[in-house]
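Survey of secondary and tertiary structure
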Amino acid sequence: MSATAPATATKSVTLTIDGKPVTVDAGTSVWEAARRANGKTVPALCHSHFMGLNPVGVCRVCVVDILNKGKSGGNYAASCMRECEQGMEVLTGGEKLEKTRKTLLEVLLADHPVPCEKGKKGECDLERMGVEYGLLKPAVDDAGKPAGTAWAKRSAFSTRDTRTIKEPDKSNFSIAIDHSACILCDRCVRACADVDNDVIGRSGKGARAAIGFDNGLKMGESDCVNCGECMINCPTGAITYSGFKFKGLEINAERGEKLLTPEEMKKELPVLEASRVNYNFLKRSQDGVALRHFKKDEVICRQGEHGRTAFFVKSGKVSIYLNVAADAAAKPKGKPGMLQRLGLAKADKSWTHPSATPLRDFIPVDAPIDLDRAKPIATLGAGAIFGEASCINHQRRSATVRAVDEDTVVIEMTRNFLDVLARNRDFRTELERIYRKRGVHSHLRGSDLFKEVEDNFLKTLAERSTLVRFRPGEVICRQDEPADAFFVIRIGHVKVEITNKEGQTKILSYLGQAHSFGEIGLLIEPFKRSTTCTALDDVEMIKIAKVDFDEVMDQHPGLREQLVRLAKSYNKPASGDIAPVTQKPLSPEAQAHREALLNDFFMQDIYQGQSLLVLDLERCTRCDECVKACAQTHNQITRLTRDGLRFDKYLVTTSCRSCHDPKCLTHCPVDAIHRKQGLPIIIENYCVGCHACEENCPYGNITVHENVQVVDLMTGQDGIGRRAMVCDLDNCLGEVEEPSCVYACPHNAAERIDGDKLFERYFESQAKK
C-alpha cells in the first residue's frame, strides 16, 4: 500500500466578533479576524493591513474587549497582537471602548504639531482619527481652501517636555525628519529592517525616547540608502519627502504623454486610493510614473533591450511575442574544411541543438502569460502588468510588446514604485488572481509530475495558491526540514543544493521562471526536504501549501498512489550522493606539495569543471586543428579558444566546462539556457542575446554573436539579432563518441576530463616519480 502523508491540516478556531460567528485559522490575530468579519478594520496606528509589517502593539489604539461569558470584565487587549481562541467572544466597539480609544488618541495628539506636514494634505492617520473622534476639526486657509486640521478643544494632556524633543533633521537630501510629529509606533523601524537595511532604531528612554539612525547619527550621515520605506510606512508627518527631484522617465508631450501627479496616480490606479498609499511616497515617485499612448503596431518595448521599468495596461490590448533565430539548416553551408575533405573531421551540422524537442510546450516570458513554443505570440488586455522581472532584477526584455488597438494606453513605472505596489496586499491579491488565471495552470502542467493529471486537479490547486516573495540570499527551504509546501517561480532564480553525510555540498541546479519545486517532498516519506533552496535574486513565487495539496488530492481517488509511484521514479537516492574526496597516507613533503597544488586547483576553479577541454602542452604543436574542427561543426562559429589557465603541463582552454555550479544558468529572461540531462549546457534558438549568461560565466566560455539571422514572427521579415553561443558537447558527438575538437587533434593532446580526475591524475603521476 502506498504511504499516506501524516495529517497536517491547519487547525481552525471559531469565535464571535460583535455577535457574528467567525472561523479562521489558528494563529490569526483578532484584528485580522475582525476585518474579515465586519469588512472594516479596527482603528490602529502602529499596524496596517496594506503594507504587511509584523504587529507590535505599541499604540494600543486597536484595543478590543475580550468578554467573559458574554459580559465585559475590562479584559482589554491589543487586537493586532492577540491571537484568536476557540469560543472567544470579542467586542470591537461600544461606549467604553470608544472612550478608551479617544483618550489614547488625545494623549498621542497632545504633543503632536497640528497640523503636521502630512496633516496639511489630510494624509496624517493620527489627525484623521482625531477628526473622527471629535478631538480635531478640519481647517481652512484664508482663501477658504482645506488646510489640514485644527484643535476642536485643546488637550490638557502633556507627555513630553518640548525641550526634550530633537530638532528637525534635514540632513538627508530626499527625506526630512520631524521628531515632534513622531508617535514612536516603530513602523519605520520595522520597515527598514524588512528590507535588510537596519538603519533605524529607538534611542533614549522615557520622555527622551525617539527614533535614531545608526549609532546616534543624523540621517544624512548614516548608512541610509534612501529607499523611502520608512516614509511610506510612517502614519504621521514625522518622516516626509523633502522635495528633491530624482532623474525620472522621459516623456514626449506631443504624443500626449505625461508624468503623473499623486492625484492622477490615484485616479489612474484606483488601488492606490483604496489602500491609502502614502501621499509623500507618491509625490516622491511622480517623476517615475508616466502615462503613455501607443498607436496600433507601435513597439512598447523590444526583446533584448535593457529594461528598468514595468508597464500596466490601462486600456486597449497589446501583443507579446518572441523573435526566434532562423532555421540554420535553411542557410547556405560554408565550404568543407581541410580535415573534412580528408575524412578526419565530421560533417558540418546545424548549430541548433538536438534537444529541439523541449521538455515544456511553453516559453516563460516577463508577463502574466506564457507563450506557446510552436507559435510564441499572445495578447494581454487592460489590467495586465508586464516587464516586472526586467524592472526588479535589471534583466533585458524577454519579449517584444506591440500595441494592438489604435489608442493603447499604458502606465510605465520604475522599480521603487513597483516594489511598493507589489507589497500592497490589495494589489498583490489582484496580481495573484491574474496569475492564477493565466499562468499557474500551464506552469504546473509543465512539471513532469503533473503531465498526465486531470485539468480539474490543477485548476483547483491554482485557486488555492498564494503569492510569496524572497530576497536575494534568503533560504526558501532547508534540507531535512518537514515539507510544508511546493512552489512555482514567477520571477527570479533559485539555487538548489544538497549536502551529504560528510558535510560536502553540491549545487544540483538553478531554477528560473515557470519552474516548480518541492512537490516530491509532499508525496514521499519521510515527507522532508531533500535539498536546500535559496533565492539568488528577488524571487516571487506561487506557493501551494501541503494542507491544500492534500485536500485537493483527496478529492481525486487514486491520484495519490499514481503521483507517489511517479515521484519515486524521479527521486533516486543516488542522484543526491556526493562521493567524498579519497584520502591517502602521504609524506610531509608530498602533503605540502599536494596542498600547494590544491590551492592552485581551487584558485583557478578547476574543481568546478565536469568536462574540461585540456591540452597536454608536451604533445600539442599549436596547429589549431581543434579550433578549426569546432568552427566547421558549428557553421564557422567556434565555441573554443586555444587559450586559458595553466595547471601543471595542461592548458585548460576557453571552452565550456559543464560546471558543477553553472552560474551561467541564472538570470536568463526566457529560460533559453539550461542543462540537459547529463553534462551539456545548451542554449535554445529563442535566445534573446541578453548577455546575462556571458556576463555570469566567470571563465569567458560563452560569447554573444551580434550578426545572427532572426525572423520577426509578427511581420515575417528576416533580420539580424544577437544569440549566445556555447560548447554543447552533444552536438559534437558522432559515431566515434568524441567531440570534434578532441577527435580532430592529430597528436592526441586534446582531452575532455573531469576536474577532480585531472587533479588525481597529476598527483598519481607525481607519486610515481
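See above for the structure.
Residues numbered from 1 in each chain as written. Predicted model: local features only at pLDDT ≥ 70, side-chain atom pairs only at ≥ 80, totals over all residues. Heavy atoms only, no water.

**Considering empty space enclosed by the protein**
- In this structure the tally under the stated criterion is 11 cavities of 30 Å³ or more.
- In this structure, the largest cavity occupies an estimated 130 Å³ of space.
- Here the lining of the largest cavity is composed, by residue class, of 10 nonpolar, two polar and three charged. (1 Å grid on protein atoms, 1.4 Å probe; cavity = no way out; pocket = protein on both sides within 12 Å on 5 of 7 lines; lining within 4 Å. Points joined across faces, edges and corners; volume = space filled by probe spheres on them. Nonpolar A, V, L, I, M, F, W, Y, C, P; charged D, E, K, R; others polar.)

**Some remarks on the sheet that holds strand E20 (residues 377-380)**
- What the four strands build is an open sheet, ordered E14-E22-E16-E20; its pairing is antiparallel. Strand pairing shows two members of the sheet lacking a second neighbour, strand E14 (299-301) and E20, which therefore form its edges. Here the strands of the sheet are splayed against their neighbours by 30° on average, with no regard to which way each runs.
- In the sheet, E14 pairs with strand E22 (residues 400-403) via two bridges, with the strands oriented antiparallel. Among the inter-strand pairings, Cys301 is bridged to a residue of E22, identified as Val401. (Pairing = 2+ DSSP bridges. Helix = DSSP H or I, 4+ residues; strand = E, 2+ residues; numbered from the N terminus. Axes fitted to C-alpha atoms, helices over the stretch in contact; angles between N-to-C directions.)

**Structural notes on the layout of surface pockets**
- Estimates place the volume of the second largest pocket at around 1500 Å³.
- Taken together, 46 residues make up the lining of the second largest pocket; nearest its centre are Gly52, Arg425, Arg428, Leu467 and Val468.
- Those elements that provide at least two residues to the lining of the second largest pocket are helix H1 (30-38), helix H4 (187-194), helix H12 (425-445), strand E24 (466-470), strand E31 (539-545) and helix H14 (546-554).
- Tallied by class, residues from the lining of the second largest pocket come to 15 nonpolar, 11 polar and 20 charged.

**Digging into the packing of helix H13 (residues 455-463) against H14**
- Viewed as axis vectors pointing N to C, H13 and H14 meet at an angle of 150°, and their least axial separation amounts to 10 Å. Viewed along their axes, H13 and H14 adopt a mutual orientation that is roughly antiparallel. Considering the relative orientation of H13 and H14, their crossing is right-handed. Residues Phe457, Thr460 and Leu461 of H13 touch H14, and the partners they reach there are Phe549, Val552 and Met553.
- In terms of residue class, the contact of H13 with H14 is made up of five nonpolar, one polar and no charged. (Parallel < 35°, antiparallel > 145°, perpendicular 65-115°, else oblique. Left-handed = near helix turned anticlockwise from the far one by under 90°. Contact = heavy atoms within 4.5 Å.)

**Let's talk about the nonpolar core**
- Core analysis: the biggest nonpolar cluster contains 89 residues, and Ile239, Phe417, Phe450, Phe457, Phe549 and Leu563 have the highest contact counts within it.
- No other element matches the five residues that H12 contributes to this core.
- Beyond its immediate stretch of four places on either side in the chain, Ile239 contacts Lys118, Ile175, Ala176, Ile177, Cys188, Ile211, Cys230, Met231 and Cys234. (Core = buried A, V, L, I, M, F, W, Y, C linked by side-chain atoms within 4.5 Å. Buried < 20%, exposed > 50% of the residue type's maximum accessible area, 1.4 Å probe, protein only.)

**Things to note about H14**
- For H14, the buried fraction is high: seven of the nine residues fall into the buried class.
- Within H14, the full set of buried residues consists of Lys546, Val547, Asp548, Phe549, Asp550, Val552 and Met553.

**Notes on a negative patch on the surface**
- On the surface, a cluster of negative charge is made up of Asp194, Asp196, Asp198 and Glu474.
- Positionally, Glu474 belongs in the loop between E24 and strand E25 (475-477).
- On the basis of relative accessibility, which here comes to 35%, the residue Glu474 falls in the partly exposed class. (Patch = residues over 30% accessible without salt bridge, like charges linked within 9 Å, V, L, I, M, F, W, Y side chains within 5 Å. Areas by Shrake-Rupley, 256 points an atom, 1.4 Å probe, with all protein chains shown as cover. Salt bridge = Lys/Arg side-chain N within 4 Å of Asp/Glu carboxyl O. Lys, Arg positive; Asp, Glu negative; His and termini not counted. Charge placed at Lys NZ, Arg CZ, Asp CG, Glu CD.)

**With respect to the state of the cysteines**
- Within this structure, the stated rule accounts for zero disulfides.
- The structure places no disulfide on Cys46, whose sulfur is separated from the nearest cysteine sulfur, that of Cys59, by 3.6 Å.
- As a non-bridged cysteine, Cys659 has Cys697 as the owner of its nearest cysteine sulfur, 6.6 Å distant. (Disulfide = S-S within 2.5 Å.)

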